[in-house]
Amino acid sequence: MNFDELAAIGRIDGMPAADYHAIDACSSSALRGCLSNPAKYRHKALTGLSGDSIDFGSAVHAIACGKFAEECAVWDGRRDERQEKYREFLAANVGKTILKPQQEVDAQVAWAILQEAVAQTPEADHILTGDQEVSLFWWEDVVLGDGSQHRIPCKARADVLNADRHYLSELKTAKDA
């Protein structure tokens with residue numbers, strides 16, 4: 001499906017994350033990354049995101065969406081691609097976030113703490129209620145300082161979208177808050 005078709009639909013529920021991320025369009029993550037450090041953003045765009053913090057956030061997100069088994073796999077051993085067992089494990093789990101056992105435990109605990117915090121905060125009790133993993137697509141018309149006009153393909157992926165209450169929620173993890 002080309003971007004014009006996606007934009008005409010506007011909203012797609014249940015689109016696999018890998019399909020969403022493969023679509024070449026402007027997103028808030030891209031804009032934030034580009035504004036804070038353009039060279040680092042370009043490197044990540046070319047090589048992909050990785051690291052324990054990214055893996056932890058991905059695991060918490062997968063647990064929250066009930067997609068842990070689909071999006072994550074746990075390897076209890078040395079990550080050595082020279083080992084046949086590890087290569088077989090990677091081949092069986094292509095596209096998944098590979099976690100250490102403790103990372104899965106930490107992600108489960110973090111999700112439980114978040115749920116408890118939301119449950120104890122009456123003003124926030126609704127933020128996890130709505131449609132999950134909603135992909136949105138649109139064209140944004142912009143005029144640059146030189147007067148030139150451009151149409152920018154844009155995308156967003158809401159962790160929770162509640163159209164009735166007019167909000168979306170994003171689940172983010174942080175090392176320190």
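Residues numbered from 1 in each chain as written. Predicted model: local features only at pLDDT ≥ 70, side-chain atom pairs only at ≥ 80, totals over all residues. Heavy atoms only, no water.

### Structural notes on the side chain of R157
Okay, so step 1: Note on placement: R157 falls in strand β5 (residues 149-162).
Okay, so step 2: The exposure class assigned to R157 is buried, which follows from its relative accessible area of 13%.
Okay, so step 3: Here the side chain of R157 touches E133 through a polar contact of 2.8 Å, side chain to side chain.
Okay, so step 4: At 2.8 Å, the side chain of R157 forms a polar contact with the side chain of S135.
Okay, so step 5: Other than its neighbours up to four places away in sequence, R157 contacts M15, P16, A17, Y20, E133, V134, S135 and E170. (Helix = DSSP H or I, 4+ residues; strand = E, 2+ residues; numbered from the N terminus. Buried < 20%, exposed > 50% of the residue type's maximum accessible area, 1.4 Å probe, protein only. Polar contact = N/O pair within 3.5 Å; in protein donor to acceptor, adjacent residues only side chain to side chain. Contact = heavy atoms within 4.5 Å.)

### Observations concerning the packing of aromatic side chains
What characterises a pair of aromatic rings is the spacing of the ring centres plus the angle enclosed by the ring planes.
Okay, so step 1: Taken as a whole and judged by the stated rule, the model has six aromatic pairs.
Okay, so step 2: Between K155 and the ring centre of Y20, over which it is positioned, the NZ or CZ distance is 4.5 Å. (Phe/Tyr/Trp six-rings, centres within 6.5 Å; stacked < 30°, edge-to-face > 60°. Lys NZ or Arg CZ within 6 Å of the ring centre and 35° of its normal.)

### A few points about the environment of A17
Okay, so step 1: With respect to the element layout, A17 can be found in helix α2 (residues 17-22).
Okay, so step 2: Classification of A17 as partly exposed rests on a relative accessible area of 26%.
Okay, so step 3: Sequence separation between A17 and E71 is 54 residues, and the spatial gap between their C-alpha atoms is 9.1 Å.

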